[in-house]
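# Notes for the structure review
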Amino acid sequence: DVKVTQSSRYLVKRTGEKVFLECVQDMDHENMFWYRQDPGLGLRLIYFSYDVKMKEKGDIPEGYSVSREKKERFSLILESASTNQTSMYLCASSGDIQYFGAGTRLSVL
Amino acid sequence: GDSVTQMEGPVTLSEEAFLTINCTYTATGYPSLFWYVQYPGEGLQLLLKATKADDKGSNKGFEATYRKETTSFHLEKGSVQVSDSAVYFCALSPWGYQKVTFGTGTKLQVIP
């Protein structure tokens, strides 16, 4: 069974903290994605990666960075968390279609 | 650039009612089209897809037909159930490319 696992379902962080969101897939997919989901805005692509150590900016990369040291793992990093980064974060990996994790709801206080 | 427009929600229906959620798209070439569903507290999962004009995707009683002439991919179900309550996302992906563009989502609530 296909599996994309996000390390945390809920996170609460303080403004200015460095935050790591982890995502692991077990399907040997080359492509992985990070989105944020906000009411009325749908899903917006932050970054994606099409191979180990490769990354491309999505539509809203400002304030974020990513790391892909191994094929199965794709990390999203908030260098200095701000309140406007409070959101639901969704990771996906894809072969012919995208498979999603359950999401991480991040609150930045 | 590519874009997807879907009807505003929320949509509230009684059980066994007919469902239509409208979706139109703008894209160059011949994209693949998708409907994803998000149940409360979960990530998105693929509901159905169509990869070329006039294809009909179907799953769990839901259907959508790829209409290139009207650039539409409307989601339909003949008789909804309470368990269909979820948020539905229309999406497209250019052929041969993995990046997906999503609509804003339509929340469906089915009441007994």
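Everything below is about the structure shown above.
Report follows, based on the coordinates. (Residues numbered from 1 in each chain as written. Chains lettered and ligands numbered in written order. Predicted model: local features only at pLDDT ≥ 70, side-chain atom pairs only at ≥ 80, totals over all residues. Heavy atoms only, no water.)

Topologically, A:Ser65 is positioned in strand 7 (residues 64-70). There is a polar contact of 2.9 Å between the side chain of A:Ser65 and the side chain of A:Glu79. (Helix = DSSP H or I, 4+ residues; strand = E, 2+ residues; numbered from the N terminus. Polar contact = N/O pair within 3.5 Å; in protein donor to acceptor, adjacent residues only side chain to side chain.)

Our next topic: the pattern of salt bridges. All names here are of chain A. Tallied over the entire structure, the rule returns nine salt bridges over all chains. Close ionic contact of Arg-73 with Glu-22 constitutes a salt bridge, the shortest N to O distance being 4.0 Å. One end of the pair, Arg-73, is in strand 8 (residues 73-78); the other, Glu-22, is in strand 3 (residues 19-25), with 51 residues separating them in the sequence. Of the residues examined, Arg-73 reaches a relative accessible area of 38% and is grouped as partly exposed. For Asp-38, the salt bridge goes to Arg-44, with nearest N and O atoms at 2.9 Å. By relative accessible area, Asp-38 is classed as buried at 11%. When salt bridges with common partners are traced through the structure, they connect Arg-36, Asp-38 and Arg-44 into a single cluster. (Salt bridge = Lys/Arg side-chain N within 4 Å of Asp/Glu carboxyl O. Buried < 20%, exposed > 50% of the residue type's maximum accessible area, 1.4 Å probe, protein only.)

Let us now look at the sheet that holds strand 8 of chain A. Residue and element names in this part refer to chain A. Ordered in space as 1-3-8-7, the four strands form an open sheet in which the pairing is antiparallel. Looking at the sheet topology across the chains shown, the edges are occupied by strand 1 (4-6) and strand 7. Ignoring which end each strand starts from, the neighbouring axes of this sheet average 20 degrees apart. (Pairing = 2+ DSSP bridges. Axes fitted to C-alpha atoms, helices over the stretch in contact; angles between N-to-C directions.)

On to the packing of aromatic side chains, then. The relation between two aromatic rings is expressed through the spacing of the ring centres and the mutual angle of the planes. The final tally for this structure, using the stated rule, is 12 aromatic pairs over all chains. Ring geometry for A:Phe100 and B:Phe102: centres 5.9 Å apart, planes at 75 degrees, overall edge-to-face. Of this pair, A:Phe100 sits in strand 10 (residues 98-100) while B:Phe102 sits in strand 11 (residues 101-102), which puts the two residues in different chains. For the pair shown, A:Phe100 and B:Phe102 are each scored as buried. (Phe/Tyr/Trp six-rings, centres within 6.5 Å; stacked < 30°, edge-to-face > 60°.)

With 21 residues of chain A at the contact, the number on the chain B side is 17 residues. A per-residue breakdown of the area chain A buries against chain B is headed by A:Leu43, A:Ile97 and A:Phe100, which together make up 29% of the total. At the boundary of chain A with chain B, the tally comes to zero salt bridges. Taken together, the connections running from chain A to chain B amount to three residue pairs in polar contact (both at pLDDT 80 or more). At the level of elements, strand 4 (31-38), strand 5 (42-51), strand 9 (87-94) and strand 10 of chain A are the ones that each hand at least two residues to the side of chain A that touches chain B. When grouped by side-chain class, the residues that make up the side of chain A that touches chain B number 10 nonpolar, eight polar and three charged. (Contact = heavy atoms within 4.5 Å. Buried area = accessible area lost by both parts, 1.4 Å probe. Nonpolar A, V, L, I, M, F, W, Y, C, P; charged D, E, K, R; others polar.)

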